[in-house]
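Notes for the structure review
In case you want the letters, here they are:
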Amino acid sequence: MAITNIKTPFSKMTFTPDVPSSSLTATEYNAGYNVETDVRSIKSVLGEQYILSTIPGTAIFVTGGFLQTTNWYFIVATQGGTWYRISNAGISNITPTTGNFSGYTANTVITASWNGEVVFLNDMTNPPMYYLNGEPRIQMFDSPDAITGQTYVWNYDLGYNVSGNVVPLYSSLTAGFVRVYNSPNVGSLLVAGNLTGNINANVVPGGGTVQSLPTTLRWSQNFGLNSGPQTWAPTISNIANELEIAVRGPLIDGFTLNGNFYIFSYWDCVLMAPIGYTSTSAPTFAFTKVTDGRGLINENCFAIVDTTAYGVDARDIWQFNGQNFQPMGDQRIKNYFYSNLNPNYTNQVFMVHNSKKYQIEIYYPDLTSTGLCTQMISYRYDLDCWNAPRDEIGRAHV
């Protein structure tokens, strides 16, 4: 009896394909594009429903969460600098009334971090921002709140003028990222890294220049659920502070995992962990180098699933349990991803956790991209297998 050879195009897949041929194009299955693993089959996913089509302009960033206990909202930024809030009730413009947003492009990198029903936003151009239900628009640190009238302080540094008088050091101060850290011993904090300050013209020395602080980490006063810090300035009654982190290159991003906060540069990882109290009112943190070989290639290039973090750096895709980093995917996966990643637009790469499909998704611009993400590769963590690359149409961060 003759034996017919059968080729299995995907590693770690032992499922019987039962997709009708009419659901796939002529070479779609054999080419391995736009199909993904399922518990019982391989299925076509090309042409999934588009959402958020009511947004005017081109969306460059999307985040979502509960601004009310039972109501889910999308917060969307677009090219040109307009911010929108979208819910089942409709869409509204929530662009801040202060700040500079006209320069938003596809290359603008935005981070978002939720604390219950409050979302904190950062765009590297303006001071950190926040939004909660009831606010007419996104609010900004260092500007009076539209409802309370209070100014929540971010830019607190002081310098001296030529007369020796104390004056504000920076006319503006921005961060590369802002994240919420839910510390076990002090509650919630905001953590910001990679600071850039425009020194006031009347400051001596250095007035009128730009000061880059790529390895500076700053954290805020502690605060509770569904709220934010009153100030980032250090005082005896809270733990706000800052320091330089010993890493190679600028701080890129960070995340909370198992009660600790992990800070990443391109190549390194540093642990920020609570170590108790030095007095009854001043809790402290310890900073320890975790590794010299794992980092993040860009902001938003990580995803958290329960007690495991997944990330992508300049040379590998990894998973991390708080103790050890493990590489993901064989050499074929790595070679395909990095050889098809467009080096001109690496700042567009981002990772998301698709909990519905039990998978980690990496969106990236391929070699044909002109600025936005054009492909996605995903990993099914419940099945320990990789899906074939999927085509995307100009995807920005979601």
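Position labels on residues start from 1 in each chain and follow its written sequence. At least 70 in pLDDT is required for a residue's local features to be given in this predicted model, at least 80 for side-chain atom pairs to be given and counted, and no such filter applies to totals for whole chains, interfaces and linings, which use all residues. Excluding hydrogens and water, the side-chain values take into account all heavy atoms of the structure.

Another aspect to go through is the overall build of the protein chain. Put simply, DSSP marks the helices as runs of H or I at least four residues long and the strands as runs of E at least two long, and each gets a number from the N terminus on. Helices and strands together make up the secondary structure of the protein chain, namely two helices and 30 strands. Every one of the 398 residues in the protein chain was classed for burial, and the buried ones make up 49%. For this analysis, residues touch if any pair of their heavy atoms sits within 4.5 Å. When contacts within the protein chain are restricted to residue pairs at least 6 apart in sequence, those whose partners lie at least 24 apart make up 49%. Here, Shrake-Rupley sampling with a 1.4 Å probe gives the accessible areas, and only protein chains in the shown set may cover a residue. Only carbon and sulfur atoms are counted for the fraction: they give 52% of the accessible area of the protein chain, which is about 18300 Å². Exposure classes here rest on a 1.4 Å probe applied to the protein chains alone. A residue is buried below 20% of its type maximum, exposed above 50%, and partly exposed in between.

Examined against the element boundaries, Asn 300 turns out to sit in the loop between β21 (283-291) and β22 (302-305). The class for Asn 300 is buried, based on a relative accessible area of 8%. Under the rule applied, a polar contact is a pair of N or O atoms within 3.5 Å (in protein, one hydrogen donor and one hydrogen acceptor; residues adjacent in sequence only if both atoms are side-chain atoms). Only 2.9 Å separates the side chain of Asn 300 from the backbone oxygen of Ile 110, close enough to count as a polar contact.

Here a ring pair, both rings aromatic, is described through the centre-centre distance and the interplanar angle of the planes. Centre distance within 6.5 Å is the pairing criterion for rings of Phe, Tyr and Trp, where only the six-membered ring of Trp is used; planes under 30 degrees apart are then read as stacked, over 60 as edge-to-face, and the remainder as tilted. Overall, the coordinates contain 29 aromatic pairs when judged by the stated rule. Taking the centre distance of 6.0 Å and the plane angle of 50° together, the rings of Tyr 181 and Phe 285 count as tilted. Here Tyr 181, found in strand β14 (residues 177-183), pairs with Phe 285, found in strand β21; they are 104 residues apart in sequence, far enough to count as distant. The burial state of Tyr 181 is the same as that of Phe 285; both residues are buried. Seen in terms of ring centroids, Phe 264 and Trp 318 are 5.6 Å apart; in terms of plane orientation they differ by 15°. Their pairing is stacked. Placement of the pair is Phe 264 in strand β19 (residues 260-264) and Trp 318 in strand β24 (residues 317-320), with a sequence separation of 54 residues. Trp 318 shares its class with Phe 264; the two are buried. One aromatic cluster is present, formed by Phe 255, Tyr 262, Phe 264, Phe 302, Trp 318, Phe 320 and Phe 325 through successive ring pairs.

So, on to the pairing of strand β9 (residues 129-132). Relative to β9, strand β8 (residues 118-122) runs antiparallel, the two sharing four bridges. Bridged to Val 119 within β9 is Tyr 131. In this description, strands pair whenever DSSP reports at least two bridges between them. Counted between consecutive antiparallel strands, the loop separating β8 from β9 contains six residues, among which Met 124 sits at a positive phi close to 70°. Alignment of β9 against strand β10 (residues 139-140), held across two bridges, turns out to be antiparallel. Each bridged residue has a counterpart across the sheet, and for Tyr 130 the counterpart in β10 is Gln 139. Where β9 folds back onto β10 in an antiparallel hairpin, the turn is made up of six residues, including Gly 134, whose phi is positive at roughly 105°.

To continue, consider the confidence of the model for the protein chain. pLDDT is a residue-level measure of predictor confidence that goes from 0 to 100. In the predicted model, the protein chain carries a mean pLDDT of 85, and 82% of its residues have values of at least 70. Counting contacts from residues 13-21, a segment whose pLDDT is below 50, to residues more than four positions away or on other chains yields 20 contacts. Across residues 40-50 the pLDDT falls below 50, and counting only partners more than four positions away or on other chains, this stretch makes 35 contacts in the model.

What the four strands build is an open sheet, ordered β22-β23-β24-β25; its pairing is antiparallel. In this open sheet, the two edge strands, each paired with only one partner strand, are β22 and β25 (325-327). For this sheet, the mean inter-axis angle between neighbouring strands, taken without regard to orientation, is 25°. For β24 and β25, the ladder comprises three bridges, and the chain directions are antiparallel. When the bridges of β25 are listed, Phe 320 appears paired with Phe 325. Here the axes come from fitting lines to C-alpha atoms, over the contacting stretch only for helices, and the angles between their N-to-C directions go from 0 to 180 degrees.

Here β22 pairs with strand β23 (residues 308-312) via four bridges, running antiparallel. Counterpart to Phe 302 in the pairing with β23 is Gly 311. Following β22, the chain reverses through two residues before pairing antiparallel with β23; Asp 306 in that reversal takes a positive phi of roughly 55°.

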